[in-house]
Amino acid sequence: MVGPHSRLTDTVVGRGCTVDETVAVEARLDDGATAGPRAYLRPAAHLCEGAKAGTHVEIKKSTVGKGSKVPHLSYIGDTTIGEDVNIGAGSITCNYDGKKKWPTVIGDGAFVGSDTMMVAPVTIGAGAIIGAGSCIAKDVAADALALTRPEQREIPGWAAKKRARQAEA
């Protein structure tokens, strides 16, 4: 089903797909793939069978493997995503260094937590888990847990002191 407000240019859509408020240019959706609402599939975006590019997702020159999901608010560029991968909300592949585009590879069954940056070139192994809020700049082994969040620090009363200083100024 191709819903209203979709624009498909030189795009192949398989059987049983749902395309909802999506712009797709030179993209490919295999059988049962889902795009949108408000997805942007740029040239060489490929959603394999049953894959999903959800709300406010942009995908460029990337393959999203069978049964894998990029549900919302993410950018995936120059990436190969294996089968049954979940990409958490707000995750991006940082594929451009100002001069060159670099690849990201995410293995089968990996889980990428929300708000993760993957700084290419980088490979995330099959079955690996990436903690939410991480910036992954080195390869992650299969079945490993990777996280880069600093320890939370709290300074009691700081906000009240700042407001008091601002009121005095």
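Residues numbered from 1 in each chain as written. Predicted model: local features only at pLDDT ≥ 70, side-chain atom pairs only at ≥ 80, totals over all residues. Heavy atoms only, no water.

Chemist: Explanation requested: the overall build of the protein in the structure shown.
Modeler: Each helix and strand in the protein was counted, giving 1 helix and 23 strands. Its C-alpha atoms give the protein principal-axis dimensions of roughly 65 × 40 × 30 Å. Relative to its full complement of 169 residues, the protein shows a buried share of 39%. Counting contacts in the protein only where the partners sit at least 6 residues apart, residues at least 24 apart contribute 12% of the total. Here the protein has roughly 9,300 Å² of accessible surface; of this, 54% comes from carbon and sulfur atoms. (Helix = DSSP H or I, 4+ residues; strand = E, 2+ residues; numbered from the N terminus. Buried < 20%, exposed > 50% of the residue type's maximum accessible area, 1.4 Å probe, protein only. Contact = heavy atoms within 4.5 Å. Areas by Shrake-Rupley, 256 points an atom, 1.4 Å probe, with all protein chains shown as cover.)

Chemist: Honestly, the nonpolar core in this entry has me stumped. Any pointers?
Modeler: Within soluble globular proteins, side chains that are nonpolar generally end up buried alongside one another. Ranked by internal contacts, the top residues of the largest apolar core, which has 32 residues, are Leu41, Leu47, Ile59 and Ile124. Secondary-structure elements contributing two or more residues to this core are strand E8 (45-47) and strand E20 (122-124). Each residue touching Ile124, except ones within four places of it in the same chain, is listed here: Val105, Ile106, Gly107, Ala110, Val112, Met118, Ile130 and Val140. (Core = buried A, V, L, I, M, F, W, Y, C linked by side-chain atoms within 4.5 Å.)

Chemist: I'm lost on the sheet that holds E8 in this one. Help?
Modeler: What links the strands of a sheet is backbone hydrogen bonding, and the strands pair in either a parallel or an antiparallel sense. Sheet architecture is open: 7 strands sit in the order E2-E5-E8-E11-E14-E17-E20, paired in parallel fashion. Of all the strands in the sheet, the pair left with one neighbour each is strand E2 (12-13) and E20. Here E8 runs beside strand E11 (residues 62-64); their pairing, made up of 3 bridges, is parallel. When the bridges of E11 are listed, Ala45 appears paired with Ser62. (Pairing = 2+ DSSP bridges.)

Chemist: Just checking my understanding: could you explain the side chain of His46 for this structure?
Modeler: The topology assignment puts His46 in strand E8. At 2.9 Å, the side chain of His46 and the side chain of Asp30 are in polar contact. Excluding anything up to four places from it in sequence, His46 contacts Arg28, Asp30, Ser62, Thr63 and Val64. (Polar contact = N/O pair within 3.5 Å; in protein donor to acceptor, adjacent residues only side chain to side chain.)

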